[in-house]
Amino acid sequence: MPKTETILVTGGAGFIGSNLCHFLIDKAFNVVCLDNFDDFYSEEIKRNNVKNLLNNQLFEFIKGDIRDSVLLDNVFSKHQIDFVIHLAAKAGVRNSIFNTQEYFDVNVNGSICLLETMRKHNVKNLVFSSSSSVYGNKNGKLLETENCDNPISPYAVSKRAVEMLNYNYHINSNFNVVNLRLFSVYGKNQRPDLVLYKFINLISNNQPIEIYGNADTTRDYTYIDDIVNAFISSIEFLKTSDSNVYEIINIGNDNPISLQQLIDLITKTTKRNDIKIVETKFVKGEVTNTHADIDKARRLLNYKPNITIDYGIKQFYEWFEKNGIKGVKNSIDKTA
Ligand SMILES: NC(=O)c1ccc[n+]([C@@H]2O[C@H](COP(=O)([O-])OP(=O)(O)OC[C@H]3O[C@@H](n4cnc5c(N)ncnc54)[C@H](O)[C@@H]3O)[C@@H](O)[C@H]2O)c1
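Enquirer: When you look at the packing of aromatic side chains in this model, what are you seeing that I'm missing?
Expert: Aromatic ring pairs are defined here through the distance separating the ring centres and the angle between the ring planes. Inspection of the entire model under this criterion finds 12 aromatic pairs. Ring geometry for Tyr167 versus Tyr246: centroids 5.0 Å apart, planes at 75°, classification edge-to-face. A residue pair is termed long-range when its members are at least 10 positions apart, and Tyr167 in helix α6 (residues 154–173) and Tyr246 in strand β11 (residues 246–251) qualify at 79 residues. Taking relative accessible area as the criterion, Tyr246 reaches 18% and is therefore assigned buried. With a centroid separation of 5.4 Å and 90° between ring planes, the pair formed by Tyr197 and Phe320 is classed as edge-to-face. Taken as a pair, Tyr197 in helix α7 (residues 195–204) and Phe320 in helix α11 (residues 309–323) lie far apart in primary sequence, 123 residues in all. In this structure, Tyr197 and Phe320 share a single accessibility class: buried. One aromatic cluster is present, built from ring pairs that chain together Tyr197, Phe316, Trp319 and Phe320. Stacked on the ring of Tyr41, the Lys or Arg Lys46 has its end atom at 4.4 Å from the ring centre.

Here it is in structure tokens:
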């Protein structure tokens with residue numbers, strides 16, 4: 001019988017990671033999930049995200065930090081890892097402006113620690129979660145070949161830096177790498193600082209929602225199931241390609257909507273016509289528009305976003321009503 005592959009998911013207890021771990025387990029992969037329950041948002045939420053997996057024989061949870069090379073060495077010695085999906089990071093663009101050193105320590109130095117351990121243990125297949133923020137402020141559809149020399153937040157710089165580090169490990173140590181540039185992910189287990197969770201939470205608590213700048217900014221919101229499928233397809237792509245892979249691939253919805261359209265959809269879904277909106281000044285670090293060109297993803301990964309924004313918001317709202325932790329203080333409040 002062919003061996004079941006083992007995938008290390010760093011940051012596996014977070015929003016995207018926990019959805020991915022559930023999916024990988026459903027597909028009968030062995031999953032090693034590493035997460036340090038970083039304090040960007042509550043540990044309770046992250047423990048909750050993976051609690052249903054803890055008794056599954058295919059799943060092992062390790063509480064630990066990607067910057068801990070001794071721990072990583074032990075993980076790679078104990079498990080025969082076939083693929084690494086690297087999601088662990090300090091997320092959030094605004095916070096990164098005020099905590100730049102910490103962001104670089106985790107996102108860049110932590111990634112180097114992981115890459116070095118992979119090289120030591122001869123594990124060379126990597127899928128990395130990069131971000132649309134690397135493009136900086138641009139108009140129109142964003143192509144992977146676009147110049148990325150002007151990111152506008154330290155978070156974005158850290159993501160671009162890791163893409164380039166991955167390139168170095170590809171060139172110098174024959175790593176096979178897929179960097180996925182993710183566009184505004186939303187859905188169940190979402191981070192409480194992200195706009196959809198934040199707005200619905202505030203509305204549920206009869207609080208006004210805050211808009212930074214105006215409601216004309218646009219985002220290419222992409223549903224979590226489409227994102228998870230792109231990660232699985234990337235693993236398949238690495239498995240079926242000849243060696244010597246280094247790719248950067250946008251994963252978006254190719255259907256951006258404005259913040260005002262998002263608010264209108266939330267109004268429709270929650271059936272709340274009494275939403276109060278407060279306009280505050282534009283915050284630094286946030287780009288104004290994103291729109292993924294997904295032709296490369298279609299071509300290489302057979303990627304096709306299946307979930308429309310209307311349906312996705314309904315799905316999120318149903319999840320929030322049953323499982324969302326209401327009234328959580330979100331991390332943006334720390335720095336606003
Ligand atoms: N959510 C999005 O819209 C989006 C868009 C683009 C890229 N990304 C990237 O995708 C990845 C996952 O994002 P998310 O939204 O699920 O965020 P998240 O904060 O929910 O997940 C990140 C996880 O990494 C863990 N982590 C942080 N520092 C760590 C460390 N030093 N060692 C081990 N674990 C650590 C956190 O505890 C958390 O569980 C991140 O790299 C993020 O930058 C997310």
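Next comes the rest of the account.
Enquirer: In this structure, what is going on with the pairing of strand β5 (residues 125–131)? I would like to understand it.
Expert: As a general feature of sheets, a regular strand has side chains that alternate between the two faces. Within β5, seven of the seven residues are buried, leaving the element largely enclosed by the surrounding structure. The alternating pattern of β5 places Asn125, Val127, Ser129 and Ser131 and Leu126, Phe128 and Ser130 on opposite faces, both of which are buried. The pairing of strand β4 (residues 83–86) with β5 spans three bridges and is classified as parallel. Bridge pairing in β5 links Val84 to Leu126. Looking at chain direction, β5 and strand β6 (residues 176–182) are connected through seven bridges and run parallel. Bridge pairing in β6 links Asn125 to Asn176. The handedness of the β5 to β6 crossover, carried by α6, is right-handed.

Enquirer: Is there a simple way to think about the packing of helix α3 (residues 69–78) against helix α5 (residues 100–120) in this case?
Expert: When two helices pack together, you describe them by how their axes are tilted relative to each other and by the distance separating the axes. It is at 10 Å that the axes of α3 and α5 come closest, and there the two elements cross at 40°. By crossing handedness, the relation of α3 to α5 is classed as right-handed. Side by side, α3 and α5 meet where Ser69, Leu72, Asp73 and Phe76 of the first sit next to Cys113, Leu114, Thr117, Met118 and Lys120 of the second.

Enquirer: Explain helix α9 (residues 259–270) to me, please; I cannot follow it from the model alone.
Expert: In an α-helix there are 3.6 residues to a turn, and that puts residues three or four apart on one side. The end-to-end C-alpha distance of α9 is 16 Å, a good match for the 16 Å that 12 residues give at a rise of 1.5 Å each. Among all positions in α9, only Leu259, Leu262, Ile263, Leu265, Ile266, Thr267, Thr269 and Thr270 are buried. At its buried positions, α9 is contacted by α7, β8 (209–212), β12 (257–258), β13 (277–280) and α11. Downstream of α9 by a residue or two, Lys271 has a phi angle that is positive, lying close to 55°.

Enquirer: Teacher, can you tell me more about empty space enclosed by the protein here?
Expert: One way to see where empty space is left: roll a probe the size of a water molecule over the atoms. In this structure the tally under the stated criterion is three cavities of 30 Å³ or more. Roughly 40 Å³ of internal volume is contained in the largest cavity. Every residue lining the largest cavity is listed: Ile203, Asn206, Gln207, Arg272, Asp274, Ile275 and Lys276. The residue makeup of the lining of the largest cavity, split by class, is two nonpolar, two polar and three charged.

Enquirer: Explain the nonpolar core here, please?
Expert: Inside soluble globular proteins, nonpolar side chains tend to come together where they are buried. Ranked by internal contacts, the top residues of the largest apolar core, which has 77 residues, are Ile16, Leu20, Leu24, Ile85, Leu180, Phe231 and Ile251. Residue contributions to this core peak at nine residues, all from helix α8 (residues 224–240). Residues contacting Ile85, with those up to four places away along its chain left out, are Ile7, Leu8, Val9, Thr10, Leu20, Leu24, Val127, Phe231 and Ile235. One finds Leu71, Cys113, Tyr169 and Tyr246 within the second-largest nonpolar core, a separate group that totals 23 residues.

Enquirer: I keep staring at the pattern of salt bridges and nothing clicks. Help me out?
Expert: One pass over the full model with this rule turns up 23 salt bridges. Residue Lys120 pairs with Asp73 through a salt bridge whose shortest N-O separation is 3.0 Å. Here Lys120 is found in helix α5, whereas its partner Asp73 is found in helix α3, with 47 residues between them in sequence. Accessibility expressed as a relative area gives 59% for Lys120, which makes it exposed. Of the charged contacts, one joins Glu116 and Arg119 as a salt bridge, the two residues approaching to 2.5 Å between their closest N and O atoms.

Enquirer: Honestly, the environment of Lys188 in this entry has me stumped. Any pointers?
Expert: Looking at where Lys188 falls in the secondary structure, it is placed in the loop between β7 (185–186) and α7. Expressed as a C-alpha distance, the spacing of Lys188 and Gly312, which sit 124 residues apart in the sequence, is 9.5 Å.

Thresholds, definitions, all that
- Residues numbered from 1 in each chain as written.
- Predicted model: local features only at pLDDT ≥ 70, side-chain atom pairs only at ≥ 80, totals over all residues.
- Heavy atoms only, no water.
- Phe/Tyr/Trp six-rings, centres within 6.5 Å; stacked < 30°, edge-to-face > 60°.
- Helix = DSSP H or I, 4+ residues; strand = E, 2+ residues; numbered from the N terminus.
- Buried < 20%, exposed > 50% of the residue type's maximum accessible area, 1.4 Å probe, protein only.
- Lys NZ or Arg CZ within 6 Å of the ring centre and 35° of its normal.
- Pairing = 2+ DSSP bridges.
- Right-handed = clockwise from strand over helix to strand, strands pointing away.
- Axes fitted to C-alpha atoms, helices over the stretch in contact; angles between N-to-C directions.
- Left-handed = near helix turned anticlockwise from the far one by under 90°.
- Contact = heavy atoms within 4.5 Å.
- Expected span 1.5 Å × (residues − 1).
- 1 Å grid on protein atoms, 1.4 Å probe; cavity = no way out; pocket = protein on both sides within 12 Å on 5 of 7 lines; lining within 4 Å.
- Points joined across faces, edges and corners; volume = space filled by probe spheres on them.
- Nonpolar A, V, L, I, M, F, W, Y, C, P; charged D, E, K, R; others polar.
- Core = buried A, V, L, I, M, F, W, Y, C linked by side-chain atoms within 4.5 Å.
- Salt bridge = Lys/Arg side-chain N within 4 Å of Asp/Glu carboxyl O.

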